[in-house]
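Topology and contacts: notes
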Amino acid sequence: MNLENIKKVDSDVAKAIEAEYERQQNTIELIASENITSSAVMEACGSVLTNKYAEGKPHKRFYNGCECIDVIEELAQKRACELFHMDHANVQPHSGAQANMAVFMYCLKPGDHVMGMDLSNGGHLSHGSPVNFSGMYFDVKSYGVDENGNIDYENVRKIALEHKPKLIVCGASNYSKIIDFKKFREIADEVGALLLADIAHIAGLVAAGLHPSPAPYCDFVTTTTHKSLRGPRGGIIMCKEEHAAGIDKAVFPGMQGGPLEHIIAGKAVALLEASKPEFKEYAAQIIKNAKALAQGLMDEGMDIVGGMTENHLMTLDLRKTGKTGKDMANVLERVGITANKNTVPNDPQSPFVTSGIRLGTPAVTTRGFKEEDMIEVAKIIASAIYASDNELGLQNLKERSLKLCKKHPIER
Ligand code: DSN
């Protein structure tokens, strides 16, 4: 990370970036949606490409001088299609929510029927939450999970038969089990719906072949690029060829102006990285680490929603401790662990308080944590939660977190 020039021009921002670097270096990052991208991706994102306007598509732009940009955007498109086995990729969405928005814009008219996973059951805002565009402009019926944290596919089918959605969204922000895309396809076919898989969280696992691919079953696949895929902050839409022109139009001019070509270059680099054998090993280690963390927590007597995880994340269920997700996420921060409060199924607390904490392993795996480290992390988490009022105890736990961070430094 080179801050030489920014230090000369704007010492306030330089100081804040430096402080954030130190925070990341000295914190165990368990926010399931975060990761540590490579220096190569960061170089692409910090390059001269930020100077260029390139509305339109490769070779069909509204501005001149796009010949180099076209090379980069086409590489990103080709790599996305190859990695995820889809016909077409639009790599311009600025985020996952905007990727979903473009699919909604292409498939639906205001008032049309949609189904998605309920936010408090592990879905995403842009899957039909009433406070989001997806829930404001469309008639949404949500499905959820059972007490064990599993999607109840029979219930999904029942809702679909009643609601007759034009679009079904599958995929989640907090779901620790394998998603059965084939079952969703069967339900979609039964009611004549289009099927969108939002694989933002599991993209890295799908790319590595460690989670079943949605490609054979879904009309559209959206993802963010910065979670388990370990790229820059952004989104991608992939689809069958028959939808390609419509999806491209929905992204631009439908909802975005100039694409962020420096970020698209970062996406291209990340997609190349994700196609390498080392990435497969990384993704396998994410899952091993998640399983070690879940087992470690359960060995300490803690409850995990649905028990053992099948992917990169899990939700700690705090109900029997009488403590809240909000308070315990703050306690974890004090011992050098960042995580986010999250609802558990049928949570008695509000979404602002919650009875759960979501934990994920993509970021710590990037910095080299292995199973034995995750067991130590589990012990630190459990001790912090059980003894959250013990000031001295928390200080000792923070020392233990710091020791793990020093063992696995983030490359500068
Ligand atoms: N905010 C992301 C997450 O944490 O899962 C979803 O977009």
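Please refer to the structure placed before this passage.
Residues numbered from 1 in each chain as written. Predicted model: local features only at pLDDT ≥ 70, side-chain atom pairs only at ≥ 80, totals over all residues. Heavy atoms only, no water.

The next point concerns the pattern of salt bridges. For the structure shown, the criterion picks out 19 salt bridges. Between R61 and D70 there is a salt bridge, with its nearest N and O atoms 2.8 Å apart. Between D219 and R185 there is a salt bridge, and its shortest N-O distance comes to 3.0 Å. One end of the pair, D219, is in the loop between α9 (203-207) and β9 (220-224); the other, R185, is in helix α8 (residues 181-191), with 34 residues separating them in the sequence. The burial state of D219 is the same as that of R185; both residues are buried. (Salt bridge = Lys/Arg side-chain N within 4 Å of Asp/Glu carboxyl O. Helix = DSSP H or I, 4+ residues; strand = E, 2+ residues; numbered from the N terminus. Buried < 20%, exposed > 50% of the residue type's maximum accessible area, 1.4 Å probe, protein only.)

Quick look at the site of the ligand now. Residues in close proximity to the ligand include S33, H124, S173, H201, K227 and R358, which together make up its full environment. Contact distances for the ligand include 2.7 Å between an oxygen atom and a side-chain N or O atom of S33. Take H201: an N or O atom from its side chain is 2.7 Å from an oxygen atom of the ligand. Here the ligand, which alone exposes 230 Å², has 64% of that area covered by the protein. Taking a 2 Å distance to the grid points as the criterion, the majority of the atoms of the ligand fall inside the second largest pocket. Residues of the shell around the ligand, tallied by class, amount to no nonpolar, four polar and two charged. (Near = heavy atom within 4 Å. Polar contact = N/O pair within 3.5 Å; in protein donor to acceptor, adjacent residues only side chain to side chain. Areas by Shrake-Rupley, 256 points an atom, 1.4 Å probe, with all protein chains shown as cover. 1 Å grid on protein atoms, 1.4 Å probe; cavity = no way out; pocket = protein on both sides within 12 Å on 5 of 7 lines; lining within 4 Å. Sits in = over half its atoms within 2 Å of the grid points. Nonpolar A, V, L, I, M, F, W, Y, C, P; charged D, E, K, R; others polar.)

A few words on the sheet that holds strand β11 (residues 303-304). A sheet is described by the order of its strands in space; here four strands give the open sequence β11-β12-β15-β14, paired in antiparallel fashion. Single-partner strands in this sheet number two, and they are β11 and β14 (340-342). Note that β11 and strand β12 (residues 313-317) share two bridges and pair antiparallel. Across the sheet, residue I304 finds its bridge partner in β12, namely L316. The sheet strands contacting helix α12 (residues 277-299) are β11, β12 and β15 (356-360), and the helix crosses β12 at an angle near 15 degrees. (Pairing = 2+ DSSP bridges. Contact = heavy atoms within 4.5 Å. Axes fitted to C-alpha atoms, helices over the stretch in contact; angles between N-to-C directions.)

A word on the sheet that holds strand β6 (residues 139-143). With mixed pairing, seven strands are arranged side by side in an open sheet as β4-β10-β9-β8-β7-β5-β6. Edge strands, defined here as strands with exactly one partner in the open sheet, are β4 (88-90) and β6. Neighbour-to-neighbour, the strand axes of this sheet turn through a mean angle of 20 degrees, independent of strand direction. As paired elements, strand β8 (residues 194-198) and β9 share three bridges and run parallel to each other. What sits directly across from L196, in β9, is F220. Across the sheet, helix α4 (residues 67-84) is in contact with β4 and β10 (235-239); its angle to β4 comes to roughly 130 degrees. On the sheet, helix α5 (residues 96-107) packs against β5 (113-117), β7 (167-170), β8, β9 and β10 and is oriented at approximately 160 degrees with respect to β9.

Attention now goes to the packing of helix α15 (residues 371-386) against helix α16 (residues 391-407). Where α15 meets α16, the axes come as close as 10 Å, and the angle between the chain directions of the two elements is 160 degrees. On the basis of the axis angle, α15 is roughly antiparallel to α16. Judged by the twist between their axes, the crossing of α15 over α16 is left-handed. For the pair α15 and α16, contact is made by E372, D373, E376, V377, K379, I380, S383 and A384 and by L394, L397, R400, S401, L404 and K407, respectively. (Parallel < 35°, antiparallel > 145°, perpendicular 65-115°, else oblique. Left-handed = near helix turned anticlockwise from the far one by under 90°.)

Let us now look at the pairing of β10. With five of five residues buried, β10 lies mostly within the body of the structure. Where β9 and β10 come together, five bridges link them in antiparallel fashion. Directly across from T224, in β10, lies its bridge partner G235.

Remark: the empty space left among the atoms is shown by a probe the size of a water molecule rolled over them. All told, the structure shown has three cavities of 30 Å³ or more when counted by the stated rule. Taken as a whole, the largest cavity holds about 130 Å³ of empty space. Taken together, 14 residues form the lining of the largest cavity, with N121, N174, V305, T315 and P345 sitting closest to its centre. For the lining of the largest cavity, the per-class residue count stands at six nonpolar, eight polar and no charged. (Points joined across faces, edges and corners; volume = space filled by probe spheres on them.)

Right, let's talk about the nonpolar core for a bit. Nonpolar side chains in soluble globular proteins tend to end up buried together. Counting residues in each nonpolar core, the largest one holds 52 residues, and the members touching the most others are F84, Y143, I151, I168, F184 and I199. Ignoring any residue separated from it by four or fewer positions in sequence, one finds I151 in contact with M117, Y143, G144, V145, V156, Y175 and F184. (Core = buried A, V, L, I, M, F, W, Y, C linked by side-chain atoms within 4.5 Å.)

In this fold, Q25 is placed in helix α2 (residues 11-25). Since its relative accessible area comes to 11%, Q25 is described here as buried. If near-sequence neighbours (up to four positions away) are discounted, Q25 is found in contact with R367, C405, P409 and I410.

Once that is clear, we can look at unusual backbone geometry. The peptide bond linking F252 to P253 adopts the cis configuration, its omega dihedral lying at 10 degrees. Position of P253 among the secondary structure elements: in helix α10 (residues 244-255). Unlike most non-glycine residues, R230 shows phi in positive territory, near 65 degrees. Locating R230 in the fold gives a position in the loop between β9 and β10.

To continue, consider the pairing of β15. Among the five residues in β15, five count as buried, and that is most of the element. Of the two faces of β15, the one lined by G356, R358 and G360 and the one lined by I357 and L359 are each fully buried. The pairing of β12 with β15 spans five bridges and is classified as antiparallel. Looking at β15, one finds that L313 is bridged to G360. With three bridges joining them, β14 and β15 adopt antiparallel strand pairing. Counted as the bridge partner of N340 is R358 from β15.

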